Amino acid sequence: MTDTKPKAVRRLGDVVFANLAFFAGVSILATLATVAAFLFAQSVPAFTGPPIDAASEGFFSYVLPFVFGTVYASVIGLAIATPLAIGIALYISHFANRKFAQVLGYAVDLLAAIPSVVYGLWGILVLAPFLSPTFNWLNENLGWIPIFAGQVSATGRTMLTVGIVLAIMVLPIMAALIREIFLQTPRLHEEAALALGATRWEMIKMAVLPFGRPGIISAAMLGLGRALGETMAVAMVLSPAAVVSFAVLTSTNSNTIAANIALQFPEAGGNYTNLLIATGLVLFAITMVVNMIARWVISRRAEFSGAN
Amino acid sequence: MSKRIELKSLDVYYKAFLAVEDVSMVIEPKAITAFIGPSGCGKSTLIRTLNRMHEVIPGARVEGQLLMDGEDVYGPDVDPVRVRRQVGMVFQRPNPFPTMSIKDNVLSGYKLNNSRMSKAEAEEITEKALVGANLWNEVKDRLEKPGSGLSGGQQQRLCIARAIAVEPDVILMDEPTSALDPISTAAIEDLAVELKEHFTVVIVTHNMQQASRISDMTAFFNIAGSGLPGKLIEYDKTEKVFSNPTEQQTEDYVSGRFG
Amino acid sequence: MTTQLNSSFRGTQDLPKWLSPTLLVSFFLASFGLQVLLASDSDSAEINFIPVAVFGLLSFTLALYVISRVIEGVRKATDRLVTIMVSTAFSLALIPLLSLAYTVVTKGVARFDAEFFTFSMRNVVGEGGGALHAIIGTVEITGIATLISVPIGIMAAIYLVEYGRGTVARLVTFFVDVMTGVPSIVAGLFAYALFVIFFGPGVRMGLGGAIALSLLMIPVVIRATEEMLKIVPNELREAAYALGVPKWLTVLKVVLPTSLAGIATGIMIAIARVIGETAPLLLIAGFTASMNYNPLDERMMTLPVFVYTSYANQGVDMQAYLDRAWAGALTLMLIVMVLNLVARLISKYFSPKG
Ligand SMILES: Nc1ncnc2c1ncn2[C@@H]1O[C@H](COP(=O)(O)OP(=O)(O)O)[C@@H](O)[C@H]1O
Ligand SMILES: [Mg+2]
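It should be emphasised that the depicted structure is a prediction, and the values quoted were computed from it without experimental measurement. (Residues numbered from 1 in each chain as written. Chains lettered and ligands numbered in written order. Predicted model: local features only at pLDDT ≥ 70, side-chain atom pairs only at ≥ 80, totals over all residues. Heavy atoms only, no water.)

As a further point, take the overall build of chain C. Counting its secondary structure elements, chain C contains 14 helices and zero strands. If you list the helices and strands of chain C from N to C, you get α-α-α-α-α-α-α-α-α-α-α-α-α-α. In terms of overall dimensions, chain C has a C-alpha envelope of 75 × 70 × 35 Å along the principal axes. Here chain C holds 354 residues, and the buried ones make up 53% of them. For chain C, contacts bridging at least 24 residues in sequence account for 70% of all contacts bridging at least 6. Here chain C contributes 23 positive and 21 negative side-chain charges, whose respective centroids are spaced 11 Å apart. (Helix = DSSP H or I, 4+ residues; strand = E, 2+ residues; numbered from the N terminus. Buried < 20%, exposed > 50% of the residue type's maximum accessible area, 1.4 Å probe, protein only. Contact = heavy atoms within 4.5 Å. Lys, Arg positive; Asp, Glu negative; His and termini not counted. Charge placed at Lys NZ, Arg CZ, Asp CG, Glu CD.)

Have a look at this one:
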């Protein structure tokens, strides 16, 4: 045969439909490119325009405390959420009975459905006052640990409260992901362990946890991605200040990028708006990197399990 | 209505992998032709080239010539969709459309192609196809019920009804009974014999009794080893293939010495 | 291994079933009593429940561990320790859920009345007023976002599952994942940055909110649809092809109907997810006390933003604002619950069987 192969017959409906689908798919790429381009274009005036009062010492010293606050709050949230999520996933997958476990699964999923503004309201009006005495107690008794030091906030609107709220918010998705992975543990491994006379915990240690480790890591990364971008709960609960501070019980806390935008944007004018958009671009970049790492871990795991 | 199919040195590929090599044969109309051979020898692959279903798989292609009553099925201006409308196909596992009623399943060849028909016509076609598939008596009272509620054997006959409802020239069946119990299998075998009155019937089977019971012609395929292409070893009257084959390989296979 | 065997031989006796609940209750009571004593001792009279719970739990765990270790052996004891930890983790997660539900319902009912659903906040200071303007805004903005997201999302999923091969498809898959991770506030900033070009700085518009929500919704719709299309058995596609049905009709009339229930469920869940979004709407749709039916003109209130501003901009009569905030939160939670419930029902009753 020569290379002048005749084109296959194609029907109009097929051509139109396939192209529609193709453009819908490619529109995702175009949209994200547009998002990045427009945010970038709108950030530029923050650097070229007249100086902004809020950022008199330049963009980077403006954004730094927020970057710190964003990462710090999320890391606290994650530090609380990860062990809890593993515990919940284990409880549902290996401790509760089947029927009960399903109901429990729904209950945890419900947590994911609650809007963040409701978490914010609850965080500031219920959780913060509830935690406040404990913060005093922590400060009095464990104040020698630097993060618990300083003048305790009277309202409970502290970094630790925010961390706890964030932990509650990312818990459901993390628990759900980890639970799925745990449920995929090869039954054979579990039964082999039990047949050797292992207790439930020994079986989990031998079969479930090693199998689920990459899943736990990626769930944590996805939870981190969520926590980094969470806005309203932080904006409502935290009592912010433009500082970099590790203390988690005081009323001078580093704000997060997202919360700062939400608080400032409605009142902002001129190129202050552009400045805020520029900080949004920084947040976008941070979450992208975190999510990409998470996806990378997941895809590596997929290759792994595909090979078996 | 029933067409003669002529294969002329057909090579069938999946990407670079040559799955079936150099098959030439003539499939007679109004007869049952059985493809037999060990699994992996390319029976399914070859039967799927007859209605251009092979090319649905990405990277799959065919070289050589395939004529249906003298017309080149792989000709440059031939629309594969039109070919498939003339060639009905029945698969290994019954696959009625789960969202459709029994009646809609029978009419699916028309409905999915947006062809309009009157109610009377629709009813006539449904009844004719279901009668033709020996299913009418069992389902005539529940035509509006979902097809997935039927037993496996009934589902397979529903799929045959669906295939013959569009009045094709050729019926292809790829191991249509391998997922069925013996009673349903017998029903399908009887049906196949009736179908050859009107259609060219090609059936893939790895059940040699089945081939010898119902087919007029038998083609035996074999592979020399994994990764090598399947080849047509012997093609002749069924009687001859089973009682007095020319090739040693065929003899070994039909006498159950391997495969 | 030998030590393990030894210890398992040593501890053959099991603890009685009543022991651990009894221990749990008594240690919590003891811890509570201790706290009361200490509190009456010091000048701060507040009873602090968290240390009570923590102390009670820790002492209970320690006691049970020691008893079990002596009677049942080290392996059983460790197992019990882990069981306590896992159950604690689970109960800890339920506490906020219960507290949230309780708070929202008890505080929300105060203003969950007819006036709340029939009035806007125009000319209201102090008591009275309602969230009708916010509900209208939420319905319109979410509705438009759904109209944008569903066709794009479904077609993109069809591209990925039915057509997509090679580099472009892999890129799209990857960036759908990236899009899933876009923070909602960034979506709001994007809508603003887009609209500034056409309408100048300071633009506020309901449509912008819909664009921002679409950005958040599209990846969810794509993922849900993709999952559903993937589980449609290939045999059905082949059956249709073999009947001489072209690919596009096969997709439209066989694949989509088969997965319809699942896709509808996914869309419901996507709506439930974005309907509570506050941050992007705060930026681009803004807030107002008045009715506005026109998403192409000026500020438009939405329910989540209503909740936020009621809290954030409290007037002199604080309680009235807080009551409205809670009533708004209750309404929002109910909407989300209903959407989730409908999603479950659809997938339960409308999925094709077999
Ligand atoms: N979709 C496919 N892609 C690549 N190779 C395939 C595909 N389907 C079948 N093959 C290969 O083609 C050969 C013939 O397969 P098949 O036609 O299914 O054999 P049979 O039906 O006789 O058992 C086998 O080696 C098989 O691995
Ligand atoms: Mg086969």
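Now that the structure has been shown, the text picks up again.
A few words on the site of ligand 1. All names here are of chain B. As a structural note, the neighbourhood of ligand 1 is formed by Tyr14, Phe17, Ala19, Ser39, Gly40, Cys41, Gly42, Lys43, Ser44, Thr45 and Ile57. In this structure, Gly40 approaches ligand 1 through a main-chain N or O atom, which is 2.7 Å from an oxygen atom. Between ligand 1 and Gly42 there is a distance of 3.1 Å, counted from an oxygen atom to a backbone nitrogen or oxygen. Burial of ligand 1 by the surrounding chains reaches 62%, relative to a free accessible area of 560 Å². No other element matches helix α1 (residues 43–49), which puts three residues into the shell around ligand 1. Residues belonging to the shell around ligand 1 are distributed by class as follows: five nonpolar, five polar and one charged. (Near = heavy atom within 4 Å. Polar contact = N/O pair within 3.5 Å; in protein donor to acceptor, adjacent residues only side chain to side chain. Areas by Shrake-Rupley, 256 points an atom, 1.4 Å probe, with all protein chains shown as cover. Nonpolar A, V, L, I, M, F, W, Y, C, P; charged D, E, K, R; others polar.)

Looking now at the domain arrangement of chain C. All names here are of chain C. When the domains of chain C are assigned, the result is domain 1 (2–108) and domain 2 (117–349). In this structure, domain 1 and domain 2 have C-alpha centres spaced 43 Å apart. In this complex, domain 1 contributes five residues to the contact, which on the side of domain 2 involves five residues. Of the roughly 510 Å² buried where domain 1 meets domain 2, counting both sides, 82% is carbon and sulfur surface. For the domain 1 face of the interface with domain 2, the top three residues by lost area are Val104, Lys107 and Gly108, together amounting to 78%. (Domains from an automatic or database assignment. Buried area = accessible area lost by both parts, 1.4 Å probe.)

Take the environment of A:Ala227 next. Residues and elements named next belong to chain A. By the element assignment, Ala227 lies in helix α7 (residues 200–229). Under the relative-accessibility criterion, Ala227 is labelled buried at 6%. Between the C-alpha atom of Ala227 and that of Thr287, which follows or precedes it by 60 residues, the distance is 9.4 Å.

To continue, consider a nonpolar patch on the surface. On the surface, a cluster of nonpolar side chains totalling about 370 Å² of accessible area is made up of A:Phe130, C:Phe32, C:Val36 and C:Phe49. On the secondary structure map, C:Phe49 appears in helix α3 (residues 49–71). (Patch = residues over 30% accessible without salt bridge, like charges linked within 9 Å, V, L, I, M, F, W, Y side chains within 5 Å. Salt bridge = Lys/Arg side-chain N within 4 Å of Asp/Glu carboxyl O.)

Before going further, it helps to spend a moment on the packing of aromatic side chains. Residue and element names in this part refer to chain A. What the rule picks out here adds up to 16 aromatic pairs over all chains. Taking the centre distance of 5.1 Å and the plane angle of 25° together, the rings of Phe68 and Tyr72 count as stacked. With Phe68 and Tyr72 both in helix α2 (residues 59–95) and four residues apart, the pair spans about one turn of that helix. The exposure class of Phe68 is buried, given its relative accessible area of 17%. Here the aromatic rings of Phe68 and Phe246 are separated by 4.9 Å at their centres, their planes lie at 75°, and the arrangement is edge-to-face. On the criterion of sequence distance, the pair formed by Phe68 in helix α2 and Phe246 in the loop between β1 (240–241) and β2 (253–254) is long-range, its members being 178 residues apart. (Phe/Tyr/Trp six-rings, centres within 6.5 Å; stacked < 30°, edge-to-face > 60°.)

Residues and elements named next belong to chain B. Read from one edge to the other, the open sheet built from ten strands follows the order β5-β4-β1-β2-β10-β9-β3-β8-β7-β6, with strand pairing classed as mixed. In the strand order of this sheet, the two ends are held by β5 (71–72) and β6 (87–90), each with one partner. Pairing of strand β2 (residues 17–27) with strand β10 (residues 230–237), which is carried by two bridges, proceeds in the parallel orientation. Within the sheet, the bridge partner assigned to Val20 lies in β10 and is Gly230. Strand contacts of helix α6 (residues 152–165): β6 and β7 (170–174), with the helix running at about 170° to β6, the strand carrying the most contacts. (Pairing = 2+ DSSP bridges. Axes fitted to C-alpha atoms, helices over the stretch in contact; angles between N-to-C directions.)

As a further point, take the nonpolar core. Core analysis: the biggest nonpolar cluster contains 200 residues, and A:Tyr119, B:Phe97, C:Ile158 and C:Ile185 have the highest contact counts within it. Ranked by residues supplied to this core, first place goes to α2(A) with 18 residues. The residue makeup of this core includes at least three contributed by each of domain 1 (2–108) and domain 2 (117–349) of chain C. With sequence-adjacent residues up to four places away left out, C:Ile185 is seen in contact with A:Thr231, A:Ala258, A:Ile261, A:Ala262, A:Leu283, C:Ala279 and C:Leu283. Core analysis: the next-biggest nonpolar cluster, separate from the first, contains 40 residues, B:Ile32, B:Trp136, B:Met208 and B:Ile214 among them. (Core = buried A, V, L, I, M, F, W, Y, C linked by side-chain atoms within 4.5 Å.)

What follows concerns the interface of chain A and chain C. Between chain A and chain C, the residue contacts involve 82 residues of the former and 82 residues of the latter. Interface area for chain A against chain C, summed over the two sides, is near 7,200 Å², with a carbon-plus-sulfur share of 81%. For chain A, the biggest contributors to the area lost against chain C are A:Phe17, A:Ile28 and A:Leu121; these three give 9% of the whole. Remark: the boundary between chain A and chain C carries one salt bridge. The residue C:Arg75 makes a salt bridge to A:Glu202 at a minimum N-O spacing of 2.7 Å. Counting across the interface, chain A meets chain C through six residue pairs in polar contact (both at pLDDT 80 or more). With 20 residues, helix α1 (residues 12–48) of chain A is the single largest residue contributor to the side of chain A that touches chain C.

Take helix α11 (residues 247–275) of chain C next. With 29 residues, α11(C) should cover 42 Å at 1.5 Å per step; its first-to-last C-alpha distance of 36 Å lies more than 12% under that length. Taken as a whole, α11(C) carries its principal kink of about 60° at C:Leu260. (Expected span 1.5 Å × (residues − 1). Bend = angle between axes of the 7 residues up to and from the residue.)

This paragraph deals with the side chain of A:Gln42. Here A:Gln42 shows up in helix α1. Taking the relative accessible area as the measure of exposure, A:Gln42 reaches 15% and is therefore buried. Contacts of A:Gln42, omitting those with residues within four sequence positions, involve A:Asn274, A:Ile277, C:Ala193 and C:Val196.

We now examine the pattern of salt bridges. Enumeration over the complete set of coordinates arrives at 23 salt bridges over all chains. Residues B:Glu63 and B:Arg61 are paired through a salt bridge, measuring 2.9 Å at the closest nitrogen-oxygen approach. A residue is classified by how much of its surface remains accessible, and B:Glu63, at 32% relative accessible area, is partly exposed. With a relative accessible area of 32%, B:Arg61 lands in the partly exposed category. C:Asp113 serves as the salt-bridge partner of C:Arg111, at 3.1 Å between the closest nitrogen and oxygen. You can call C:Asp113 partly exposed: its relative accessible area is 28%. Here the salt bridges do not stand alone but share partners, grouping C:Asp177, C:Arg223, C:Glu226 and C:Lys230 into one network.

Before going further, it helps to examine the pairing of strand β4 (residues 60–68) of chain B. Residue and element names in this part refer to chain B. By the bridge criterion, eight bridges tie strand β1 (residues 5–14) to β4 in an arrangement that is antiparallel. Of the residues in β4, the one forming a bridge with Lys8 is Gln65. Where β4 lies against β5, two bridges are found, and the strand directions are antiparallel. For Met68, the partnering residue across the bridge sits in β5 and is Glu71. The antiparallel pairing of β4 with β5 creates a hairpin that spans two residues between the two strands, and Asp69 there sits at a positive phi of about 50°.

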